[in-house]
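Geometric and topological summary
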Amino acid sequence: MRQSDENIRQFNQISGSDRLRKPKYLVLLVAILGISFWFMMKLGVAGGIGLIALPLLFWYFYWLFSKPIIGFYSILIAGFALLGLSRYIPDNIQLGMFVDALFFLSYLALFFSKFYERIDWSPAKKDITLLAAIWLGYGLLQVLNPEVQSRAAWLSGVRGISLYMMLLVPLVLMFIDDNRKLDRFLFVWGLFSLFASLKAVMQVTLGPDPWEKAWLATDEGLTHIIFGNLRAFSFMTDAGQFGANQGYSAVMATIVAFSGISSGKKIFFLTVAALGFLGMFLSGTRGAISIPLAGFFLFFILRKNLVVMISGFVLLLVIFAFFKFTYIGQNNQFIRRMRSAFNPNDPSLQVRINNQRILQDYLKTRPFGGGIGHAGAKARQYLPNAFLSNVPTDSWYVMIWAEQGIVGLVLHLFILFYIMIKGSFLIMFRVRDPVLKMKMTALAAGMFGVMVASYGNAVLGTMPTSFLIYTTMALLLNVKVLDQAANPEKIESENKI
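Quick notes on the rules
Residues numbered from 1 in each chain as written. Predicted model: local features only at pLDDT ≥ 70, side-chain atom pairs only at ≥ 80, totals over all residues. Heavy atoms only, no water. Axes fitted to C-alpha atoms, helices over the stretch in contact; angles between N-to-C directions. Helix = DSSP H or I, 4+ residues; strand = E, 2+ residues; numbered from the N terminus. Parallel < 35°, antiparallel > 145°, perpendicular 65-115°, else oblique. Left-handed = near helix turned anticlockwise from the far one by under 90°. Contact = heavy atoms within 4.5 Å. Phe/Tyr/Trp six-rings, centres within 6.5 Å; stacked < 30°, edge-to-face > 60°. Buried < 20%, exposed > 50% of the residue type's maximum accessible area, 1.4 Å probe, protein only.

**A look at the packing of helix 10 (residues 239-257) against helix 11 (residues 263-283)**
At a minimum axis separation of 7 Å, helix 10 and helix 11 run at an interaxial angle of 155°. Put simply, helix 10 runs roughly antiparallel to helix 11. As helix 10 runs across helix 11, the sense of the crossing is left-handed. Mapping the contact onto sequence places A239, F242, G243, Q246, G247, S249, A250, M252, A253, T254, V256 and A257 in helix 10 and K266, F269, L270, V272, A273, G276, F277, G279, M280 and S283 in helix 11.

**Some remarks on the packing of aromatic side chains**
As enumerated under the stated definition, the model contains 26 aromatic pairs in all. Ring geometry for F103 versus F467: centroids 6.1 Å apart, planes at 85°, classification edge-to-face. Of this pair, F103 sits in helix 5 (residues 95-113) while F467 sits in helix 18 (residues 465-476), and the two are 364 residues apart along the sequence. Per residue, the accessibility class of F103 equals that of F467, and both read buried. Between F414 and Y418, the ring centres sit 6.0 Å apart and the planes meet at 35°, which makes this aromatic pair tilted. Residue F414 and its partner Y418 are both found in helix 16 (residues 396-429); the two are separated by four residues, about one turn of the helix. Taking relative accessible area as the criterion, Y418 reaches 29% and is therefore assigned partly exposed. Ring pairs connect the aromatic residues Y60, F61, F65, F111 and F112, which therefore count as one cluster.

What follows is the structure, encoded as structure tokens:
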């Protein structure tokens, strides 16, 4: 009887449509529509869209300040999509400032979430934070480099090379401190990797959209059409970044899929891996093939299993021999282009080597380089006639060398290999949880692959790969905290002994 009374009361409730019969609600609706129409008349379609998006913006800020970790994921998602959006918006809109704003809001949300209590910064007090601070300090001191001709070029370059690492690492250490949060990070990464691959498939099968066609007609986009065939670039900056990032994602997803996770998650990560490898080939980025080769090479070592190690190395040798010594699949444009990466006489490689000789002569008397933001095509908007602006750097390490000199290059390589060596040691000898061990191995293997590939392409410091790498760095050197969260009782009992 009570249930039937409840059902009757539900039917007697006043619905939203019934409320509109009352004059005050009807007047309110007409007023909202009228104001919206006025905004669209005055501000155009963009203003109308902005007005519609306003409630979503309030909702976003509410959740951001309630759960500051949303700021971290906002930064990660922006890294995937933001630079590609530049093809669809006017040149005078500085999208880089949007990333800066997200970092600012993330730290502001963290501060307000602990407004009535002291923020515990101890999770961020790690050696990776110190390394990031040292790297940022060197980048800031570069403004005093006598070779710096443009402060604007320096400011633009130092943000991506140094500042973002310093800002992102503490957020990772503060927010991702258990296995559940690690899984969420890997899922978001995998999801956007899927979107990127699907977009690439659309570009190759259906063709690029009008805005992408306009970009392909520019100097930057011309390299994406080779013998009438499109090199897919998805919604990222270029095919080089897309191919490397998809190879990185594929290595991560392949290893995570076999980490002992549930069958549903395994299917998801295997799908990410398969489409990641497909995207890597569709990009036509030759250097990207080194990511799975180097990544799985490290994976087999970290497994500490002789049978797995020997089997894995044999598999890698077979893949190497396929590209190096055979012509199988030569009719396929993507295999043919990947195979050219194994040719030491490739004309493109010879051009790069010659450019490095030119830079070597220039840098002999410049141990601190020619200034951050002053090398390569990106510097032409600030210094179109400068020497470094007109010598392609291609490689990430060559760019660091050209801009920050041999001192900066040695410091940068030290930081990378310190993180990789220590992280690998912790994975092999300190992590107790087997599932976590595999996930951290996946991150280390992917990062090592990107480190190797960055010799051929400037991928390590470009979004989204840079944000994924900085997150990986923090997680690798915070693995003890993650391991303790996975096995708190076991570790506590061992500590007592």
